[in-house]
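Overview (structure and organization)
The primary structure of each chain is shown beneath.
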Amino acid sequence: MTHPERRLREESAYIAYHFHWAYEDILTLPHAERRAWVREIARINSSISGGR
């Protein structure tokens, strides 16, 4: 299991990198919402890369 602080940092970096959102804005998201955005970014990336 990933340490919660590490997971938060990973999720925040992922969202910030792809959507250019501010770290403070990402931190205000509830966990479930943040995870939903991570999944959506992954789906977009998969779609762009042809499902690879």
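Here goes a summary of the coordinates provided. (Residues numbered from 1 in each chain as written. Predicted model: local features only at pLDDT ≥ 70, side-chain atom pairs only at ≥ 80, totals over all residues. Heavy atoms only, no water.)

Section: the packing of aromatic side chains
- Under the criterion given, the structure shown has three aromatic pairs.
- A centroid spacing of 5.6 Å and a plane angle of 80° characterise the contact between Phe-19 and Trp-37, whose relative ring orientation is edge-to-face. In this pair, Phe-19 is assigned in helix H1 (residues 4-19) and Trp-37 in helix H3 (residues 31-48), connecting sequence segments 18 residues apart.
- A relative accessible area of 26% means that Phe-19 is categorised as partly exposed.
- With a centroid separation of 5.2 Å and 75° between ring planes, the pair formed by Trp-21 and Trp-37 is classed as edge-to-face. In this pair, Trp-21 is assigned in the loop between H1 and helix H2 (23-27) and Trp-37 in helix H3, connecting sequence segments 16 residues apart.
- What makes Trp-21 partly exposed here is its relative accessible area of 30%.
- The structure contains a cluster of three or more aromatic residues connected by ring pairs, namely Phe-19, Trp-21 and Trp-37. (Phe/Tyr/Trp six-rings, centres within 6.5 Å; stacked < 30°, edge-to-face > 60°. Helix = DSSP H or I, 4+ residues; strand = E, 2+ residues; numbered from the N terminus. Buried < 20%, exposed > 50% of the residue type's maximum accessible area, 1.4 Å probe, protein only.)

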